[in-house]
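Below, each chain spelled out in residue letters.
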Amino acid sequence: QHAKINKRDYQIYDANIDKNSIERFQLINELKEAIEQNQLVLYYQPKLNLVQQKITHVEALVRWIHPKRGIIPPDTFIPIAEKTMQMDALTRWVISEAITQYHRWQAKGVNMCIAVNISAENLKDEQFCHWVIDTLAHHSVPVSAFTLEITEDAVVSDPKLAVKQLTLLRNNGLTLSIDDYGTGYSSLAQLKQLPVDELKIDKSFVQKLLHTETDQIIVQSTLQLAHNLGLKVVAEGIEDKETLQWLTERHCEMGQGFYLSRPLPELQFNDWLSQSEFN
Ligand code: C2E
Ligand code: MG
Ligand code: MG
Ligand code: MG
């Protein structure tokens, strides 16, 4: 019996649990260094303008190239950054890097608008919003070249504050996009008050669009709603040609997805673009 109790005590320190928490703890500490030591990299995924049939925009998506662990996807470390007050440093790094990328493309004669993702933490911070506006101006980037993607839940947690910050950003000429639209809990009343330019329909409604009647109904009515509210629509998660065509026929303004391209590092993106039928 003694042995049994010992065994149970021992199991509290389950090796797997321990391993996970140690790993998490290490990532928290290492993230700060990663930002400072340039272990972060931006990948770029094209957004196709379905009206002009041309790549006019890209979305910048961050990856962490960890010296020992390899590529860590954003879904793993963005939540850590959010919980450990590192989102400000991370997003400032992302925007600074996107600005230098903008100028590298301009120097090659590539006129590209860049979308970056910002988190709820950023939107709570008035200084951050002013920093964005000042930094773009300081680096001679036209505000019209930058889109900020904000998830629905960033808006839901404190709608009043969100509206205030979004208004400031939009009055200064930035394009604002509601990301993952349809997966959050924003009401239509809230949506009506949001000073944004576009809705980005979540990929869960788009990926199997042609095989799922309810998804078709949802996407079709979202297009109608958005257009009636004067908003543009981006569909993410387009994985085949037929879906791209379906959305183009229904006047969706922009499309993004693995069918066009996965997110790619700068040089691979440039190669992809130069060979694209939509360049
Ligand atoms: P998101 O902003 O909604 O970005 C779209 C995600 O869907 C990307 O994943 C992209 O690779 C993936 N995706 C695009 N097209 C397809 C498709 O056709 N099929 C499928 N299955 N997936 C597709 P990724 O790069 O792993 O990013 C995941 C999330 O991490 C992003 O979702 C965004 O919320 C967050 N994230 C990425 N970079 C940043 C950043 O710099 N700052 C912040 N705050 N969040 C970021
Ligand atoms: Mg996004
Ligand atoms: Mg999204
Ligand atoms: Mg997402």
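Here, every reference points to the structure presented above.
Going along each chain's sequence as written, the residues are numbered from 1 onward. Each chain is given a letter, starting from A, and each ligand a number, starting from 1, according to the order in which they appear as written. Side-chain atom pairs in this predicted model are given and counted only at pLDDT of 80 or more, local residue features only at pLDDT of at least 70, and totals for whole chains, interfaces and linings cover all residues. Excluding hydrogens and water, the side-chain values take into account all heavy atoms of the structure.

A.B. asks: What am I meant to see in the packing of helix α6 (residues 126-138) against helix α8 (residues 159-171) here?
C.D. replies: The relative placement of two packed helices comes down to the angle between their axes together with the axis-to-axis distance. Think of each axis as a best-fit line through the C-alpha atoms, taken over the contacting stretch in the case of a helix, with angles from 0 to 180 degrees between the N-to-C directions. Here a helix means four or more residues in a row that DSSP labels H or I, a strand means two or more in a row labelled E, and each is numbered from the N terminus. Between α6 and α8, the shortest axis-to-axis distance is 10 Å and the interhelical angle comes to 10°. The angle between the axes of α6 and α8 places the two elements in the roughly parallel class. Two secondary-structure elements touch here, α6 through Glu126, Cys129, His130, Val132 and Ile133 and α8 through Lys164, Gln165, Leu168 and Leu169. Its residues placed into classes, the contact of α6 with α8 shows 5 nonpolar, 2 polar and 2 charged. For classification purposes, an angle smaller than 35 degrees is called roughly parallel, one larger than 145 roughly antiparallel, one from 65 to 115 roughly perpendicular, and anything else oblique. Here a residue-residue contact requires only that any non-hydrogen atoms of the pair lie within 4.5 Å. Classification used: nonpolar for Ala, Val, Leu, Ile, Met, Phe, Trp, Tyr, Cys and Pro, charged for Asp, Glu, Lys and Arg, polar for all others including Gly.

A.B. asks: Would you mind showing me how to read the site of ligand 1 here?
C.D. replies: Working definition: residue near molecule or strand if any one of its non-hydrogen atoms lies within 4 Å of it. Taken together, 23 residues lie around ligand 1, and Arg63, Asp179, Gln207, Glu239 and Phe258 are the ones closest in. Across the complex, the protein chains shield 87% of the 800 Å² of accessible surface that ligand 1 would expose by itself. The method works on a 1 Å grid over the protein atoms by themselves. A cavity is a set of points holding a 1.4 Å probe that cannot get out, a pocket is an open set with protein on both sides within 12 Å along at least five of seven lines, and residues with an atom within 4 Å of a point line them. Criterion for pocket placement: a molecule counts as inside a cavity or pocket if more than half of its atoms are within 2 Å of its grid points. With respect to the detected pockets, ligand 1 is housed in the largest pocket. When contributions to the shell around ligand 1 are tallied by element, the ones reaching two or more residues are β2 (54-66), α3 (74-83), α4 (87-107) and β6 (175-181). Per element, the largest residue contribution to the shell around ligand 1 is 4 residues, and it comes from β2. For the shell around ligand 1, the class distribution of residues is 9 nonpolar, 6 polar and 8 charged. Areas reported as accessible are Shrake-Rupley estimates using a 1.4 Å probe. Residue values count occlusion only from the protein chains shown.

A.B. asks: Just to check I follow, could you spell out the coordination of the magnesium ion (ligand 2) for this structure?
C.D. replies: For a metal with four tetrahedral donors the ideal donor-metal-donor angle is 109.5 degrees, while six octahedral donors give ideal angles of 90 or 180 degrees. A 2.8 Å cut-off from the metal defines N, O and S donors, relaxed to 3.2 Å for Na, K and Ca; water is not in the atom list, so some sites may appear incomplete. At 2.0 to 2.2 Å from the magnesium ion (ligand 2) lie its protein donor atoms, namely Glu59 (OE), Asn117 (OD1), Glu149 (OE) and Asp179 (OD). Distance-wise, the magnesium ion (ligand 3) is placed 4.2 Å from the magnesium ion (ligand 2), both being coordinated by Asp179. In this pair, Asn117 is assigned in strand β4 (residues 113-118) and Glu149 in strand β5 (residues 146-151), connecting sequence segments 32 residues apart. Throughout, exposure labels follow a simple rule: accessible area from a 1.4 Å probe, protein chains only, divided by the maximum for the residue type, with under 20% read as buried, over 50% as exposed, and the rest as partly exposed. Classification of Glu149 by relative accessible area gives buried; the value is 1%.

A.B. asks: Help me understand the nonpolar core in this model?
C.D. replies: Nonpolar side chains in soluble globular proteins tend to be buried together. The set of buried Ala, Val, Leu, Ile, Met, Phe, Trp, Tyr and Cys residues whose side-chain atoms join them within 4.5 Å is what this entry labels a nonpolar core. With 79 residues, the main nonpolar core has Phe77, Leu90, Ile114, Val116, Phe146, Ile150 and Leu247 as its most contacted residues. Broken down by element, the residue count for this core peaks at 9 residues, all from α4. When neighbours within four sequence positions are excluded, Val116 is seen to be in contact with Ala60, Val94, Ile95, Ala98, Phe146, Thr147, Leu148 and Glu149.

A.B. asks: Help me out: how do you make sense of the layout of surface pockets in this one?
C.D. replies: A probe as big as a water molecule, rolled over the atoms, marks out the empty space that is left. Grid points are joined across faces, edges and corners, and a volume is the space filled by probe spheres set on the points. Of the pockets and cavities examined, the largest pocket occupies roughly 1,100 Å³. Contributing to the lining of the largest pocket are 41 residues, with Leu61, Pro74, Asp75, Asn117 and Asp179 lying nearest its centre. Secondary structure elements with two or more residues in the lining of the largest pocket: β2, α3, α4, β4, β5, α7 (152-156) and β6. In terms of residue class, the lining of the largest pocket is made up of 17 nonpolar, 10 polar and 14 charged. Approximately 190 Å³ is the volume attributed to the second largest pocket. What lines the second largest pocket is Asn49, Val51, His57, Cys113, Ser144, Thr147, Thr175, Asp197, Glu198, Lys232, Glu253 and Met254. When its residues are assigned to classes, the lining of the second largest pocket shows 3 nonpolar, 5 polar and 4 charged.

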